[in-house]
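Residue-level structural notes
Chain by chain, the residues run as shown.
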Amino acid sequence: MRRQATRVTVELIRDALGAQRRTQEWLAIATGIPLRTLSRKLHLTSPSPTNLEELVLIAGALDIEPAKLLEPLKEASHGHPD
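Summary of the structure given here. Quantities reported herein were computed from a predicted structural model and do not represent experimental measurements. (Residues numbered from 1 in each chain as written. Predicted model: local features only at pLDDT ≥ 70, side-chain atom pairs only at ≥ 80, totals over all residues. Heavy atoms only, no water.)

A separate point is helix α4 (residues 52–62). Residues of α4 that are buried: Glu54, Leu55, Ile58, Ala59 and Leu62. Projected onto a plane normal to the axis of α4, the buried residues spread over an arc of 135° and lie on a single side. Projecting away from the buried face of α4 at angles above 90 degrees are the exposed residues Leu52, Glu53 and Gly60. In the segment just after α4, aspartate 63 is the residue with positive phi, at about 55°. (Buried < 20%, exposed > 50% of the residue type's maximum accessible area, 1.4 Å probe, protein only. Helix = DSSP H or I, 4+ residues; strand = E, 2+ residues; numbered from the N terminus. Arc of directions from axis to C-beta.)

Ile13, Leu27, Leu38, Leu42, Ile58 and Leu62 are the most contacted members of the largest nonpolar core, which totals 15 residues. Of all the secondary-structure elements, those providing two or more residues to this core are α1 (2–19), α2 (24–31), α4 and α5 (66–77). Beyond its immediate sequence surroundings of up to four residues, isoleucine 58 is in contact with Ile13, Leu27, Thr31, Ile33, Leu38, Thr50 and Leu69. (Core = buried A, V, L, I, M, F, W, Y, C linked by side-chain atoms within 4.5 Å. Contact = heavy atoms within 4.5 Å.)

Further remarks concern the side chain of lysine 41. Within the fold, lysine 41 resides in helix α3 (residues 35–41). Separated by 3.1 Å, the side chains of lysine 41 and glutamate 54 make a polar contact. Setting aside chain neighbours within four positions, we find lysine 41 in contact with Val10, Pro47, Ser48, Pro49, Thr50 and Glu54. (Polar contact = N/O pair within 3.5 Å; in protein donor to acceptor, adjacent residues only side chain to side chain.)

Structure follows, in structure tokens:
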């Protein structure tokens, strides 16, 4: 279930990037997360884990509430269905 929550978080980030017409390269520069690392974390089928600090940086760069990105992870840790 945690893996599914991570995918939901990745989809939220990718959707926000698309809506703002931003690229992963832009996000890497805006957050200071290396592009290669960010690309692994935003992979659609097997994303690498993203830590809290990175999620906060990403949310800040995309001007969205960090809680929006954390909600799928919180639900998964409490055993709620995605």
